[in-house]
Amino acid sequence: MAHVLSGLKLAVIGCGAMGQALVRGLLGSGFNATDITCTRRDPARLASLAGLGVRVTPDNGAASADADVVLLCIKPQGWREAVLTLRPRPGQIVLSVMAGVRTQALEEALPGTRVARCMPNTPALVGAGMHAYSLGASADPTVVPIVEGILGASGTVAAVVEGIMDAVTVTSGSGPAYLFYLAELMIEGSVALGVDPNLARRLVRETLKGAAELLAQPGADPVALRQAVTSPGGVTAKVMSGLEASGVRETFVRAMDAGKRRAAELAQT
Ligand SMILES: NC(=O)c1ccc[n+]([C@@H]2O[C@H](COP(=O)([O-])OP(=O)(O)OC[C@H]3O[C@@H](n4cnc5c(N)ncnc54)[C@H](OP(=O)(O)O)[C@@H]3O)[C@@H](O)[C@H]2O)c1
């Protein structure tokens, strides 16, 4: 665990999928479980969070009042109402994972706090998250090692300018879903061609894992990697030309653009 995190009290407001991914990373890196207080409204699910060793309460106000850092992990829809339940302290760090919600809007809603926003992703669950963050105008440079320490416990961290955060959201935040979708399509295609479903799942899973490892090599380029598998006139070339002819490339860019606009819309709700 980053030294700068030691002794900090953390409140995780809305500890659902993303909150738990970040909390698990922190716990795995040695963060003291009893320094983390998690909230959510559903009593049974809240109680099950206690299994992580963290403190739990349905009371956002109580959780936030004692915290040095408030990790806002609720959905962006209706966030203004939820934030009213917090009891912010001057100088408290508020790190929001909410898609679309601007740091300026959070600073107005939580005056006196030091605000940062981030866009994490769920591979954080296995310590392989890709987390981007931006500081609000209220956040001084001492916030940086704390934000990077929290996010770095479950993945790689990149500082980005806030203006590109919605684009980052549809790149790395939503990105794992695109890969799972591709896996789904590949399995469906394989099964349609007669491969046993269990074998198809294994073939696809190991193929994507191996391909991701190749892509993760220093200097790896997806185009060059793809070309290395594509002999002119061969089998892969036939599949790739079918995909290109279907307009999938343009469709993908359009769909990501629609997602980016949705991020901005959600924050208004
Ligand atoms: N999932 C991803 O891949 C991903 C990636 C990047 C960013 N994010 C961001 O992460 C945030 C959460 O997404 P998620 O996928 O983790 O959703 P989620 O699993 O639904 O988590 C949200 C949690 O907030 C709780 N909650 C809602 N209102 C609350 C309130 N007023 N007080 C306390 N807790 C409340 C919900 O539990 P109760 O219903 O029990 O209250 C739920 O557990 C979103 O803002 C999203 O933009 C998600």
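Everything in this summary refers to the structure shown in the same document. A quick note: this is a predicted structure, and the numbers were derived from the prediction, not measured.

1. Remarks on the pattern of salt bridges
Then comes step 1: Here the structure, examined in full by the defined rule, presents 10 salt bridges.
Then comes step 2: Asp68 serves as the salt-bridge partner of Arg89, at 3.9 Å between the closest nitrogen and oxygen. In this pair, Arg89 sits in the loop between α4 (79-83) and β5 (93-96) while Asp68 sits in the loop between α3 (60-65) and β4 (69-72), placing the two residues 21 residues apart along the sequence.
Then comes step 3: We note a salt bridge from Asp166 to Arg102, for which the minimum N-O separation is 3.1 Å. One end of the pair, Asp166, is in helix α7 (residues 165-173); the other, Arg102, is in the loop between β5 and α5 (103-109), and 64 residues separate them in sequence.
Then comes step 4: For Asp166, a relative accessible area of 8% corresponds to the buried category.
Then comes step 5: Residue Arg102 is classed as partly exposed on the basis of its relative accessible area, which comes to 36%.
Then comes step 6: Each member of the salt-bridge network shares a partner with another, and the members are Arg102, Arg117, Glu162 and Asp166.

2. Observations concerning the pairing of strand β6 (residues 114-119)
Then comes step 1: With five of six residues buried, β6 lies mostly within the body of the structure.
Then comes step 2: In this sheet, β6 lies alongside β5 in parallel orientation, the contact comprising four bridges. Each residue of the ladder has a partner; that of Ser96, found in β6, is Arg117.
Then comes step 3: As paired strands, β6 and strand β7 (residues 129-135) are joined by four bridges and run antiparallel to one another. Of the residues in β7, the one forming a bridge with Met119 is Ala132.

3. What to know about the site of the ligand
Then comes step 1: Every one of the 22 residues lining the ligand counts as a neighbour, but Met18, Arg40, Arg41, Asp42 and Ile74 are closest to it.
Then comes step 2: Residue Met18 places a main-chain N or O atom 2.7 Å away from an oxygen atom belonging to the ligand.
Then comes step 3: Within the side chain of Lys75, one N or O atom sits 3.2 Å away from an oxygen atom of the ligand.
Then comes step 4: Its residues placed into classes, the shell around the ligand shows 12 nonpolar, six polar and four charged.

Cut-off values and rules
- Residues numbered from 1 in each chain as written.
- Predicted model: local features only at pLDDT ≥ 70, side-chain atom pairs only at ≥ 80, totals over all residues.
- Heavy atoms only, no water.
- Salt bridge = Lys/Arg side-chain N within 4 Å of Asp/Glu carboxyl O.
- Helix = DSSP H or I, 4+ residues; strand = E, 2+ residues; numbered from the N terminus.
- Buried < 20%, exposed > 50% of the residue type's maximum accessible area, 1.4 Å probe, protein only.
- Pairing = 2+ DSSP bridges.
- Near = heavy atom within 4 Å.
- Polar contact = N/O pair within 3.5 Å; in protein donor to acceptor, adjacent residues only side chain to side chain.
- Nonpolar A, V, L, I, M, F, W, Y, C, P; charged D, E, K, R; others polar.

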